[in-house]
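# Structure assessment
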Amino acid sequence: MDRSLAAADALRDVVAHWLAGRGDDPRFLRFRRQLAILDTLFAELLDAIRSELLKVLQTADSGPAYQRCRELDESLLVGERLFGWYREKYDQRLDDRLHAVLAAADEVVRSCWRAACEHAGRTPAAGPLPYLDARFAASATPRPAVPAGLRPSADSVVEELVRELPIPVIGLPGWAARESWWLGMCAHETGHHVHHDFDPGLPYAVRSALAEVGEEWIGWAAEAFADAYSAVMIGPAACWLVAELQHGPEEAMLRPAGPYPSPVVRSALLAELCARLGAPAPAQPDLDGLLARAGRTQERRLAEVPAVARALLGLPLGGRPLRDLGLPDAGRASAWAGQLARGVPLFAGLDRPEAARELVAAGVAGHAADPARVHANLVGHLPRCGGEGTLGASAPQPAVRDLARRLTGRVLGGGR
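Reading the values: the criteria
Residues numbered from 1 in each chain as written. Predicted model: local features only at pLDDT ≥ 70, side-chain atom pairs only at ≥ 80, totals over all residues. Heavy atoms only, no water. Helix = DSSP H or I, 4+ residues; strand = E, 2+ residues; numbered from the N terminus. Buried < 20%, exposed > 50% of the residue type's maximum accessible area, 1.4 Å probe, protein only. Contact = heavy atoms within 4.5 Å. Core = buried A, V, L, I, M, F, W, Y, C linked by side-chain atoms within 4.5 Å. Salt bridge = Lys/Arg side-chain N within 4 Å of Asp/Glu carboxyl O. Pairing = 2+ DSSP bridges. Axes fitted to C-alpha atoms, helices over the stretch in contact; angles between N-to-C directions. Parallel < 35°, antiparallel > 145°, perpendicular 65-115°, else oblique. Left-handed = near helix turned anticlockwise from the far one by under 90°. Nonpolar A, V, L, I, M, F, W, Y, C, P; charged D, E, K, R; others polar. pLDDT = per-residue confidence, 0-100. Phe/Tyr/Trp six-rings, centres within 6.5 Å; stacked < 30°, edge-to-face > 60°.

This part takes up the overall build of the chain. Counting secondary structure elements, the chain contains 17 helices and 5 strands. By residue count, 53% of the 416 residues in the chain fall in the buried class. Summarising the internal contacts of the chain: among those between residues at least 6 apart in sequence, 79% fall at separations of at least 24.

If you want it as structure tokens, here you go:
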């Protein structure tokens, strides 16, 4: 009993100390609302575990008392793992090697997240938390998803708990810390969060719209929407990022892979999206050659691309079509691409909400001129974008407390 109480008190002290240390740190300024949510969640959970442990003192029989302590120890471990999962992602901002690029990523994500909310006239919910991950491509863990590190094969309680994680995340490839134009991938990954979180009916609307084009597209609906969102957010930069990631042998370029159509079809879709938005993507000679050698199945998919692009851009987002969300200004992106290669670049209007996505799009367009200088200028100026504010507004406190109680009930109930 003493051991269990000591463990509960120790974790509560660790969480409280961590939150206090982040609350006044300017590196966590954008996350004040998120940290308030975590504060409420862990206070409710750890207070409830301690209260349950104190009830064990009234149990005369040592057998049931030991059993209940074991159950509550397991609940405490769930809380510890959940806390650790968040802490390691936030605390990358304390690493001097990563702080600047993550501050830049925060602004790109904020710009892409706010765009959908402002487009629909909604108050932004807690936006995605970007972090660097040891993986090849970017990834999104939306609110309804279960992070792999919190998914024991037989633990349905943990799975239910994290299905309602109040803060989604975006994992970015580690090389973005050296080549910051890859932060443009935030546009695609934020698109996944918009797809999952923005409107409960949106995933169904996406699948239904693409099903009218062809059944094959239903399985690719989530990635197709995220590609469309990235095209609207950063224009032709989205085409380059995907082309660079998926380039490979001819047989691989003509073969669908899991949730994606074949690379040639995906690239053709992105090019079509940009063309319909009035921002044609640069020609890709290698892609043109592959298109000429595509088989009948791929030819059918390619013939469907215009209809798919039209369906995606016409999807209602808060009552208005996705295409109206706001493409970056092509003239500004071109001018900024040139500025990024200068020793002392000049940028006007960085306080606008769309500035971060325009600047990262310029970085994609202009990085080849002087990669080292473009990277340095991006990480130096992206954190200045977007003006004051946080990654999402405060959630209503009663709603946060209600969520915390529900999650606590699941954790405690799972041991019984």
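Core analysis: the largest hydrophobic core is formed by 87 residues, its most contacted members being Leu-183 and Tyr-229. For this core, the leading source of residues is helix 4 (residues 99-119), giving 11 residues. Contact partners of Tyr-229, with chain neighbours within four places excluded, come to Cys-112, Ala-115, Ala-116, Ala-187, Thr-190, Gly-191, Val-194, Leu-322 and Leu-325. Membership of the second largest hydrophobic core comes to 37 residues, among which are Phe-31, Leu-82, Tyr-131 and Leu-412.

It is worth spelling out the pattern of salt bridges at this point. Counted under the stated rule, the structure contains 21 salt bridges. It is possible to trace a salt-bridge network through shared partners that takes in Asp-9, Arg-12, Asp-47 and Arg-50.

Glancing now at the pairing of strand 3 (residues 169-173). Where burial is concerned, most of strand 3 is hidden: 5 out of the 5 residues are buried. Residues Val-169, Gly-171 and Pro-173 line one face of strand 3 and the alternating positions Ile-170 and Leu-172 line the opposite face, and both faces are buried.

Side chains of residues three or four places apart in an α-helix project in the same direction, reflecting 3.6 residues per turn. The complete set of buried residues in helix 16 (residues 371-381) reads Val-374, His-375, Asn-377, Leu-378, Val-379 and His-381. Residues of helix 16 that are buried in the fold lie against helix 4, helix 14 (330-340) and helix 15 (355-366).

Among the 5 residues that make up strand 1 (residues 129-133), 5 are buried, leaving the element largely enclosed by the rest of the structure. Alignment of strand 1 against strand 3, held across 5 bridges, turns out to be parallel. Opposite Pro-130, over in strand 3, you have Ile-170 as the bridge partner.

Our next topic: the packing of helix 4 against helix 6 (residues 185-197). Helix 6 packs onto helix 4 with a crossing angle of 40° between their chain directions and a minimal axis gap of 9 Å. By the angle between their directions, the pair helix 4 and helix 6 is classed as oblique. For the element pair helix 4 and helix 6, the recorded crossing hand is right-handed. The segment helix 4 lies against helix 6, with Ala-105, Val-108, Val-109, Cys-112, Trp-113 and Ala-116 engaging Cys-186, Ala-187, Thr-190, His-193, Val-194 and Asp-197. Class assignment of the residues belonging to the contact of helix 4 with helix 6 gives a composition of 9 nonpolar, 2 polar and 1 charged.

As for its position among the elements, Arg-300 is in helix 13 (residues 296-313). For the pair Arg-300 and Gly-214, spaced 86 residues apart in sequence, the C-alpha to C-alpha distance is 9.7 Å.

The predicted coordinates ought not to be read in detail in places where the model reports low pLDDT. For the chain, per-residue confidence averages 85 on the pLDDT scale, and 87% of positions sit at 70 or higher. Across the chain, helix 16 holds the top mean pLDDT of 97, while helix 5 (residues 156-162) sits lowest at 49. Predicted confidence for residues 144-155 stays below pLDDT 50, and this span has 22 contacts to residues more than four positions away or in other chains.

Applying the stated rule across the entire model yields 11 aromatic pairs. Their ring planes at 80° and their centres at 5.5 Å tell us that Phe-31 and Tyr-90 sit as a pair that is edge-to-face. Note that Phe-31 is positioned in the loop between helix 1 (2-23) and helix 2 (32-56) and Tyr-90 in helix 3 (residues 62-90), a separation of 59 residues in sequence. Neither Phe-31 nor Tyr-90 differs from the other in exposure class; each is buried. Ring geometry for Trp-217 against Trp-220: centres 5.1 Å apart, planes inclined by 90°, an arrangement best described as edge-to-face.

Here we come to the side chain of Arg-22. Counting through the fold element by element, Arg-22 comes out in helix 1. Apart from residues lying up to four places away in sequence, Arg-22 is in contact with Phe-28, Leu-35, Asp-91 and Leu-94.

As a further point, take the environment of Asp-73. Looking at where Asp-73 falls in the secondary structure, it is placed in helix 3. Taking the C-alpha atoms as reference points, Asp-73 and Arg-3, separated by 70 residues in sequence, lie 9.5 Å from one another. With residues near it in sequence (within four places) discarded, Asp-73 still touches Arg-3 and Ser-4.

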